[in-house]
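Architecture and fold: a report
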Amino acid sequence: IPMEELNETFVREFILLGITNLPQVQVVLLVTFLMFYLVSIIGNLSIVTVVITDRSLHTPMYFLLGNLSFLDFFYAATTVPKMLTSLLFDDKRISFQGCIAQLYFFHFLGCTEAMLLTSMSYDRYVAICKPLRYHVIMARGVCLELAFTSWLVGSLYSLFHTIWTSKLPFCNMNKISHFYCDIKPLLKLACADTHINERLLKVVTGSIGVSTVLLIIVSYTFIATHLHSIRSKQGRSKAFSTCTSHLTVVFLFFGTALSTFLRPSTKDSLEHDRMTAVLFTVITPALNPIIYALRNKD
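The structure presented is a predicted model; accordingly, all values stated were derived computationally and were not measured.

A closer look at the overall build of the protein chain
- Assigned secondary structure in the protein chain consists of 10 helices and three strands.
- Taken over the C-alpha trace, the protein chain has a radius of gyration of 21 Å; the compact-globule value for 298 residues is 19 Å, and the two agree within 12%.
- If one aligns the C-alpha atoms of the protein chain with their principal axes, the spans along those axes are about 75 × 40 × 35 Å.
- Counting only residues that meet the buried cut, the protein chain has 48% of its 298 residues in that class.
- Here the contacts in the protein chain between residues at least 6 apart in sequence split such that 80% fall between residues at least 24 apart.
- Summing over all exposed atoms, the protein chain offers an accessible surface of approximately 15500 Å²; the carbon and sulfur share of this is 68%.

Digging into the environment of Glu-113
- Here Glu-113 shows up in helix α4 (residues 96–129).
- Glu-113 gets classed as buried once you look at its relative accessible area, which sits at 1%.
- Each C-alpha atom, one on Glu-113 and one on Tyr-75, is 9.2 Å from the other, the two residues being 38 residues apart in sequence.
- Leaving out residues up to four positions away in the same chain, Glu-113 has contacts with Leu-68, Leu-71, Asp-72, Tyr-75, Phe-253 and Asn-288.

Structural notes on the UniProt feature "transmembrane region" (unreviewed entry) in the protein chain
- Those residues carrying the UniProt feature "transmembrane region" (unreviewed entry) are residues 27–52, 64–84, 104–122, 142–164, 208–227, 239–262 and 274–294 in this numbering.
- Annotated as residues 27–52, this span is 100% helix and 0% strand, and its ends, taken at the C-alpha atoms, are 38 Å apart.
- Annotated as residues 274–294, this span is 100% helix and 0% strand, and its ends, taken at the C-alpha atoms, are 29 Å apart.

Thoughts on the sheet that holds strand β3 (residues 175–176)
- Strand order in the open sheet formed by three strands is β2-β1-β3, with mixed pairing between adjacent strands. Only two strands of the sheet have a single neighbouring strand rather than two, namely β2 (93–95) and β3.
- On top of the sheet, α4 reaches β1 (13–16), β2 and β3; it is set at about 85 degrees to β2, its chief contact.

Focus: the side chain of Ser-150
- Tracing the sequence through the fold places Ser-150 in helix α6 (residues 140–166).
- A distance of 2.8 Å separates the side chain of Ser-150 from the backbone oxygen of Leu-146, its partner in a polar contact.
- Not counting the four nearest positions on each side in its chain, Ser-150 is found in contact with Thr-112, Met-115, Leu-116 and Ser-119.

Quick notes on the side chain of Gln-102
- Along the polypeptide, Gln-102 turns up in helix α4.
- With sequence-adjacent residues up to four places away left out, Gln-102 is seen in contact with Thr-78, Thr-79, Lys-82, Ile-94, Tyr-180 and Cys-181.

Structural notes on the pairing of β1
- In this structure, β1 lies alongside β2, joined through three bridges in antiparallel fashion. Across the sheet, the residue bridging to Ile-15 is Arg-93, located in β2.
- Two elements, β1 and β3, share two bridges in a ladder whose sense is parallel. Paired with Ile-15 across the bridge in β3 is Lys-175.

A word on unusual backbone geometry
- Of note, Asp-90 is a non-glycine position whose phi angle comes to about 60 degrees, a positive value.
- As for its placement among the helices and strands, Asp-90 is situated in the loop between α3 (60–89) and β2.

Re the environment of Val-11
- Here Val-11 is to be found in the loop between α1 (3–6) and β1.
- The buried category is assigned to Val-11, whose relative accessible area is 14%.
- Along the primary structure Val-11 and Ala-76 are separated by 65 residues, whereas in three dimensions their C-alpha atoms are 27 Å apart.
- Sequence-distant contacts of Val-11, that is, excluding residues within four places in its chain, are made with Phe-96, Phe-170, Cys-171, Asn-172, Met-173 and Asn-174.

Scoring rules and cut-offs
Residues numbered from 1 in each chain as written. Predicted model: local features only at pLDDT ≥ 70, side-chain atom pairs only at ≥ 80, totals over all residues. Heavy atoms only, no water. Helix = DSSP H or I, 4+ residues; strand = E, 2+ residues; numbered from the N terminus. Rg over C-alpha atoms; globule rule 2.2 N^0.38 Å. Buried < 20%, exposed > 50% of the residue type's maximum accessible area, 1.4 Å probe, protein only. Contact = heavy atoms within 4.5 Å. Areas by Shrake-Rupley, 256 points an atom, 1.4 Å probe, with all protein chains shown as cover. UniProt positions renumbered as here; feature names shortened; annotations may be inferred. Pairing = 2+ DSSP bridges. Axes fitted to C-alpha atoms, helices over the stretch in contact; angles between N-to-C directions. Polar contact = N/O pair within 3.5 Å; in protein donor to acceptor, adjacent residues only side chain to side chain.

Structural data, given as structure tokens:
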């Protein structure tokens, strides 16, 4: 055995430090996050159930919305239950295998959501700018391809990062400065050079993030141009109202996600990441069904 390995104790489990250690604050966070989680479960499962059972909602827009709600249900379930358990029982341990699995599903669902939101912007573009050809362009096969591509890209993206992270050696230090297993906090614990991992995270995540944002901007640029050509103020208002829910969700998701994963990994940035992560792991999955339900007469 090499001499350097004798002094290394390889990590078999991690300790998730969570958001705070103050008991009074933990109680408040437990109640608050539990309420958001219940809203997320009930809201997203309700949308999925209604979209499946109501034949009048078997349209491209609601097919994609059903996919988004199905995803948000599991997105919250990936991180929130463990966080609630930690706050309730003060059990902050997670096995190495459980940590890697959580990392995979978190990034899988997060990337898939970015792709689905992009597909939904294209759907709105076709509906507003090419209404007479909407059902031809957004045929059933096209919708299935958009959804399948979103899930496939998300899976491959997450698998790439998960494999690279899981192959790193983790020794001695096992305290993760977060409430779930994420790439950047794990790279800080690795007892090896992680510059390549950090660069790949920025390049790959940045490429997907920037490309999806640009595609959404292009879709809404065409929509804005088309709305400007509509003379009727009521017609413009009616057309734009179909986009406001989607735009709200886009700003919530991309605003926090991109600021988290594209920022350098410093001590201050990791602390900020932990706070912003609450928004897109706890709050956003609960707000999405509310936003779509309140803005939608169907």
